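Residues per chain, in single letters:
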Amino acid sequence: MHTTPHITVDLAAFPADFAWGVATAAYQIEGAATEGGRGPSIWDTFARTPGLTLHGDTGDIACDHYHRWESDLDLLASLGVTSYRLSVSWSRLQPDGRGALNPEAVAFYRQILEGLRSRGIGAYVTLYHWDLPDPLEREGGWTSRKVAYLFADYARAVLTQLSDLASHWITLNEPWCSSFLGYGYGAHAPGRKDLRAAVAAAHHLNLAHGLAVAAIREVAPAARVGVTDILTDIVAATDGDRDRAAAVRLDAVSNRVFMDPVYRGEYSRTVHEALDPLGLSEAIHDGDLAIISAPVDFAGVNHYQRVIASADDAMPFGVREVPAEPSTTSFGWSVTPDALRSVLARVSEEWTNLPVYVTESGASFHDYVDPGGEIVDTERVSYLDGYFAAAADAIADGVDLRGYFVWSFLDNFEWAEGYSKRFGIVYVDYRTQERIPKLSAHWYRDLIAAHASQTRPIPAVARR
């Protein structure tokens, strides 16, 4: 048995009620693609289209969490996490994207949320993690303004049924991926390659967030609501004017297009300059920005890497981006903890003084079961140690950081990369569905326990 590596993180920086969590998403773990009244999502359609995912992998079975949720929650509890970020599937809850919720799906998610509560684990629930009901895509998907209004109807219905079991709700996960990867570059579902469509989708996703916030406030005024954006730390390749301008453009179409309207009530000049030629201003209706910027309760930040931007007229938006060094994950992404500190500081300085949660951060490595039956993922332990240290530094900088959700709880279906990328702190044997906690899971459990021991109130001495 390997000894768990020493924890070097300054745990005293984290508040006593810090949310130590892990995260998952419905399509990536649930499986049961045609069970329980679930309808197809755009990811079912995309993954079943030859040539779009590695080896033709699909989420039809994934981690079979739909049937194994109870033992998975027991495993969560054994890791000592205080919080769990999950998503509910729109295509399971509302297969046609409109109308009454599917009662089997409501019962399924109530079981999970009740199971988390009984185990003392706080639930942070994402309403949309990319699984748009396929019938809505056939009506235009996120390029259609009406889908934003249907999403608000869905949010209202879900909160009406489930808000008694969870206090924190996230409207959207990474709208940049949904719009630009899905509609602009064809790398994600629905697989369209039309930047004008991507820009329309981006605005409609922002609008969907704002409309959903209003719907949630209406039916569950006590709920804490936010949105999760993926924020990349972007650095110009050189001090030259062209590279610096390229970095500004990349920031506009990656970060600002979603952060500015939600937290500042506007699309900034750099966003308009980059995206008006693709129809941004045409997509904005009177009153949209007031809806989008409705007050929220926290900011969700997903962060994975720092990229280096250089001018290249042959690339979209005239920018070539490459991961910063060192690029040591199996995705080739940079491992630069200071990038997380930079992103968190920027959120607090530039966009909002609301509480912040790192709703995803993690890394994929070439994990394997060794001859002793263990997964010794020392690279991930080192990654987490560095990134939690960066989070502690961000708190010292004045960021009101309330929680950190490691991506991911389980190895899972990694979208277009299929099952080739392992992000979990728990290993999944996809053939047998056996779960094996990795060295990183033991390290994380020890870190959480050490923090609890530092912050646990000292019992008062009984009076004699």
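Reading guide: rules and limits
- Residues numbered from 1 in each chain as written.
- Predicted model: local features only at pLDDT ≥ 70, side-chain atom pairs only at ≥ 80, totals over all residues.
- Heavy atoms only, no water.
- Pairing = 2+ DSSP bridges.
- Helix = DSSP H or I, 4+ residues; strand = E, 2+ residues; numbered from the N terminus.
- Axes fitted to C-alpha atoms, helices over the stretch in contact; angles between N-to-C directions.
- Contact = heavy atoms within 4.5 Å.
- Expected span 1.5 Å × (residues − 1).
- Buried < 20%, exposed > 50% of the residue type's maximum accessible area, 1.4 Å probe, protein only.
- Core = buried A, V, L, I, M, F, W, Y, C linked by side-chain atoms within 4.5 Å.
- pLDDT = per-residue confidence, 0-100.

**Topic: the sheet that holds strand β10 (residues 356-361)**
Step number 1: Read around the closed barrel, the eight strands follow the order β1-β2-β3-β4-β5-β7-β10-β11; overall the barrel is parallel. Here the strands of the sheet are splayed against their neighbours by 25 degrees on average, with no regard to which way each runs.
Step number 2: Pairing of strand β5 (residues 224-230) with strand β7 (residues 298-302) involves five bridges; the strand directions are parallel. Looking at β7, one finds that Thr228 is bridged to Gly300.
Step number 3: Helix α5 (residues 103-118) contacts β2 (83-87) and β3 (122-128) of the sheet and is inclined by roughly 170 degrees relative to β2.

**Topic: helix α7 (residues 145-162)**
Step number 1: Its 18 residues place the ends of α7 26 Å apart at the C-alpha level, agreeing with the 26 Å of an ideal helix rising 1.5 Å per residue.
Step number 2: Taken as a whole, α7 has its buried residues at Arg145, Val147, Ala148, Leu150, Phe151, Ala152, Tyr154, Ala155, Val158, Leu159 and Leu162.

**Some remarks on the nonpolar core**
Step number 1: Core analysis: the biggest nonpolar cluster contains 157 residues, and Trp142, Phe388 and Tyr444 have the highest contact counts within it.
Step number 2: Looking at which element gives the most residues to this core, the answer is helix α9 (residues 195-219), with twelve residues.
Step number 3: In contact with Tyr444, other than residues within four places in its own chain, are Trp20, Gly21, Val22, Val81, Phe388, Tyr404, Val406 and Ile425.

**Focus on the confidence of the model for the chain**
Step number 1: Across the chain, the average pLDDT comes to 96, with 98% of residues at 70 or higher.
Step number 2: Predicted confidence for residues 458-464 stays below pLDDT 50, and this span has zero contacts to residues more than four positions away or in other chains.

**Re the side chain of His65**
Step number 1: You can see His65 is positioned in helix α3 (residues 65-79).
Step number 2: On the basis of relative accessible area, His65 is assigned to the buried category, the value being 4%.
Step number 3: The residues contacting His65, other than those within four sequence positions of it, are Ile29, Glu30, Asp72, Ile112 and Arg435.

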